[in-house]
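# Understanding the architecture of this molecule
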Amino acid sequence: MGSCGGVATYTDKLFKFRNSRWEDILSDEVNVARGVASLFAGRSVACVDRTGSGRYSIYIANYAYGNVGPDALIEMDPEASDLSRGILALRDVATEAGVSKYTGGRGVSVGPILSSSASDIFCDNENGPNFLFHNRGDGTFVDAAASAGVDDPHQHGRGVALADFNRDGKVDIVYGNWNGPHRLYLQMSAHGKVRFRDIASPKFSMPSPVRTVIAADFDNDQELEIFFNNFAHRSSSANRLFRVIRREHGDPLIEELNPGDALEPEGRGTGGVVTDFDGDGMLDLILSHGESMAQPLSVFRGNQGFNNNWLRVVPRTRFGAFARGAKVVLYTKKSGAHLRIIDGGSGYLCEMEPVATSAWVSQGQGEGGQ
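Predicted, not measured: the structure shown is a model, and the values here were computed from it. (Residues numbered from 1 in each chain as written. Predicted model: local features only at pLDDT ≥ 70, side-chain atom pairs only at ≥ 80, totals over all residues. Heavy atoms only, no water.)

It is worth spelling out the environment of Gly176 at this point. If you trace the backbone, Gly176 turns up in strand S12 (residues 172-177). Linking Gly176 and Ala238, residues 62 residues apart in sequence, is a C-alpha distance of 14 Å. Setting aside anything within four residues of it in sequence, one finds Gly176 in contact with Asp124, His156, Gly157, Arg158, Gly159, His182, Val210, Val213 and Phe228. (Helix = DSSP H or I, 4+ residues; strand = E, 2+ residues; numbered from the N terminus. Contact = heavy atoms within 4.5 Å.)

Here it is, written out as structure tokens:
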């Protein structure tokens, strides 16, 4: 990157293991000639299986300056590649796919948001409306953000996550706006058309200098938590944690929780992920910091829910790769469907593990399972 917008100081890199070492294939002669090594100020990237073939394109959210630095969609050109020699010829298909736009790119999430199984792309942007690229089924996209009510044109998006907060089987969207109202959009259907409705409570939507947004079930109680990783920009700005509780009737209840040690009021949060470090079935939280000053990584363990059951699912493509963009649904007799998205983008300044973690409450001292 090396620049706030427009032309950057140095180009993108894409590494492949060949010749017993990691080499940048964007520096290969064939790709230099094709001009796919972007010299624009990038922000987020995502894996997109736009045709359902199991082969990924890479969506790049650039921060444009005027008409310099459109978003890109890079993929392999099979006819020009020589896989026996490890040569991957790449091409930018953003224009033909319908996603070549100029914006202040920030967060990107990928999954079957509007489509039943195909990968759609949601981008929350700065200094312009958000994008919701609906996959037409043929590898091309149409922007449905305005018609679906998630364009939010006057805010400045950062972290974003996909989840199903009311367990109706539809993919919802949560994201944070930089010092603006944070959004929790439930997917609805009105007169045969998809619409999203913001159910964020006043406390939830309270503006903050947010960077990363994470949706996960930290205590394995079947209810999702939402974590806001904030950046202590010009003053203290503590991180925040909310639980979204499904109700039989009406919107979910949004409850603010105490994040404990993860409060970090002076933390200059930049990115964050969840993973199960020690295999105990409980998701651990990792936070990165920096930008304006050096700060160490933080690793936090949950302290509730150890008696609840859990399941971790790792879906793969037919080629054996992690199936980013996949939808995983777990059904239980008592609680119905639990939907998880293997996000191909994972928001902003971070990348989640390609694992779907779900849980169900045990009766007594039930054992967890993997």
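Here the focus is the nonpolar core. Core analysis: the largest hydrophobic core is formed by 17 residues, its most contacted members being Phe165, Val174, Leu184, Phe204, Val213, Ile226 and Phe228. Of all elements in the fold, only strand S11 (157-163), strand S13 (183-190), strand S15 (210-216), strand S16 (224-230) and strand S17 (240-245) reach the threshold of two or more residues within this core. Sort the elements by how many residues they give to this core and S16 lands first, with three residues. Those residues in contact with Phe165 that lie beyond four places of it in its chain are Asp172, Val174, Leu184, Leu186, Ala215, Leu224, Ile226, Val244, Arg246 and Pro252. (Core = buried A, V, L, I, M, F, W, Y, C linked by side-chain atoms within 4.5 Å. Buried < 20%, exposed > 50% of the residue type's maximum accessible area, 1.4 Å probe, protein only.)

Here we come to the pairing of S13. With three bridges connecting them, S12 and S13 associate as antiparallel partners. Note that in S13 the partner of Ile173 across the bridge is Tyr185. Two elements, S13 and strand S14 (residues 193-198), share six bridges in a ladder whose sense is antiparallel. Along S14, the bridge assignment pairs Gln187 with Phe196. Taken together, S13 and the strand that follows it, S14, pair antiparallel across an intervening segment of two residues, in which His191 is found at a positive phi of about 55°. (Pairing = 2+ DSSP bridges.)

Scanning the entire structure with this criterion turns up 27 salt bridges. Glu75 is paired through a salt bridge with Arg50; the nearest N and O atoms lie 2.9 Å apart. On the criterion of sequence distance, the pair formed by Glu75 in strand S5 (residues 72-76) and Arg50 in the loop between strand S3 (42-48) and strand S4 (57-62) is long-range, its members being 25 residues apart. There is no split in this pair, since Glu75 and Arg50 are both buried. A salt bridge links Glu96 to Arg50; its shortest N-O distance comes to 3.8 Å. Taken as a pair, Glu96 in helix H2 (residues 94-97) and Arg50 in the loop between S3 and S4 lie far apart in primary sequence, 46 residues in all. Overall, Glu96 belongs to the exposed group, its relative accessible area being 53%. (Salt bridge = Lys/Arg side-chain N within 4 Å of Asp/Glu carboxyl O.)

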